[in-house]
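Working through the structure, step by step
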Amino acid sequence: MSPASALYRDCARLFMVGFPGTRIDADLAALMDDGIYGAILFKRNVGTAAETAALCRDIKTRAGRPFILSVDQEGGRVARLRGEPFTSLPPMRELGQRGDEALAERVGRLLAHELRAVGFDWDFAPVLDVDTNPANPVIGDRSFSRDPVEVGRLGVALARGLEAGGVASCGKHFPGHGDTTTDSHLTLPKLPHDLERLRRVELVPFQAFAKAGLASLMTAHVLFDALEQGVPATMSHRALHDLLRKELGFDGVVVSDDLEMKAIADHYSVAEAAVQGTLAGVDLFLVCHKADVQRAAIEALVKAVESGRVPRERITEAHRRLDALAARFAHPAEDRLATLGDAAHRSLAEGLASAFTGKDPTEVMLASR
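A brief look at the structure comes next. (Residues numbered from 1 in each chain as written. Predicted model: local features only at pLDDT ≥ 70, side-chain atom pairs only at ≥ 80, totals over all residues. Heavy atoms only, no water.)

Moving on, we get to the packing of helix α2 (residues 26–34) against helix α3 (residues 49–63). Where α2 contacts α3, the axes come no closer than 10 Å and their chain directions differ by 40°. Viewed along their axes, α2 and α3 adopt a mutual orientation that is oblique. As α2 packs across α3, the resulting crossing turns out to be right-handed. For the pair α2 and α3, the contacting residues are A29, M32 and D33 in the first and I59, R62 and A63 in the second. Looking at the contact of α2 with α3 residue by residue, the class counts come to 4 nonpolar, no polar and 2 charged. (Axes fitted to C-alpha atoms, helices over the stretch in contact; angles between N-to-C directions. Helix = DSSP H or I, 4+ residues; strand = E, 2+ residues; numbered from the N terminus. Parallel < 35°, antiparallel > 145°, perpendicular 65-115°, else oblique. Left-handed = near helix turned anticlockwise from the far one by under 90°. Contact = heavy atoms within 4.5 Å. Nonpolar A, V, L, I, M, F, W, Y, C, P; charged D, E, K, R; others polar.)

Below you can see the structure in the form of structure tokens.
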């Protein structure tokens, strides 16, 4: 089907892509013209604050329509924007140890302020995974606490701060990545917990997030046998529709973790994962690396709608949620660089400053490419 068709554009809207370098390349420009929802920036895309702001401004101007720009800016190991004039924040474990809900909300507002200053609309934070496994290689100090109630309380507070500052929040990774012993960037983790355990531990923060009516949740590329044997949560109707939508009552945007992570890509084609994920209840797919894979995933979804495998109503439902998020959080290019380095933000960060070590697990796969 021609990229110019209405159905192609409708399906393309369910994708957010990554791209190489610090400027708009031909592949990104073509996908923008075909209707993708937005783009995600990684370390490879950002330079100085001024350079990053210029790139975000160029993308939004080139799009000529509301176009969402997203980033992972959690604090600690996972932060794309580093160095002066950005504020250095500790891992969320430190906030959890303080247990101060008002402080967590202030940190969310700080993050929103700095992200808005350079042009971002959506932060893939906070982590709502519960830190139950000291051997977990990917979550660890990114989590607020080993107490699921505390994770929910502080995660909701930080998300409220982000959204009060005009940036969409995204709790992750549903239905819980905290107890895994492997990293889904590199392999497909599996958790054997029964539903009673999930409801008592892993699901508690997500339930609080859903009740608070916050913007979005990200799926986990993790197998939960109690939900759907052999099917990662990203592709599981039982996990996303039955549990998240029906039982927890979440009606915000459900976004997949990157479909090019090895947890998915080593076991399924990215194109098939996008089709199954749409049927399961995902509203937006991250495909963060290769333009040919991004294009193939869109085309697979188009064919699935044409054949009747994916009901057109599922695309319409996703659009409803994506439109609502864009209406609230898609911002035009702004010149707010001068507001970075705010004294109040520096004071807040100095009160939090703590050392942290370790690599950013969300950049591990990028480094291996």
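Below, the discussion takes up the packing of helix α5 (residues 101–118) against helix α6 (residues 148–164). As a packed pair, α5 and α6 sit with axes 7 Å apart at the nearest point and diverge in direction by 35°. Seen along the crossing, α5 lies across α6 with a hand that is right-handed. Contact residues: E101, A104, E105, V107, G108, R109, L111 and A112 in α5; R153, L154, A157, L158, G161, L162 and A164 in α6. In the contact of α5 with α6, the residues fall into 9 nonpolar, 2 polar and 4 charged.

Taken as a whole and assessed by the stated rule, the structure comprises 3 aromatic pairs. Between F174 and F206 the ring centres are 5.2 Å apart and the planes differ by 90°, which places this aromatic pair in the edge-to-face class. Of this pair, F174 sits in strand β7 (residues 170–174) while F206 sits in helix α8 (residues 203–211), placing them 32 residues apart in sequence. Just as F174 is buried, F206 falls in that class too. (Phe/Tyr/Trp six-rings, centres within 6.5 Å; stacked < 30°, edge-to-face > 60°. Buried < 20%, exposed > 50% of the residue type's maximum accessible area, 1.4 Å probe, protein only.)

Here helix α13 (residues 312–329) is 18 residues long and its end C-alpha atoms lie 26 Å apart, about the 26 Å a rise of 1.5 Å per residue gives. For α13, the complete set of buried residues consists of R314, I315, A318, H319, R321, L322, L325, A326 and F329. (Expected span 1.5 Å × (residues − 1).)

Evaluation of the coordinates by the stated rule reveals 31 salt bridges. Residue D251 pairs with R320 through a salt bridge whose shortest N-O separation is 3.3 Å. Separated by 69 residues along the polypeptide, D251 in the loop between α9 (237–247) and β11 (253–255) and R320 in helix α13 bring together distant segments of the chain. The class of D251 is partly exposed, set by a relative accessible area of 43%. One network of salt bridges, in which partners are shared, links R245, D251, D283, R314, E317, R320 and R321. (Salt bridge = Lys/Arg side-chain N within 4 Å of Asp/Glu carboxyl O.)

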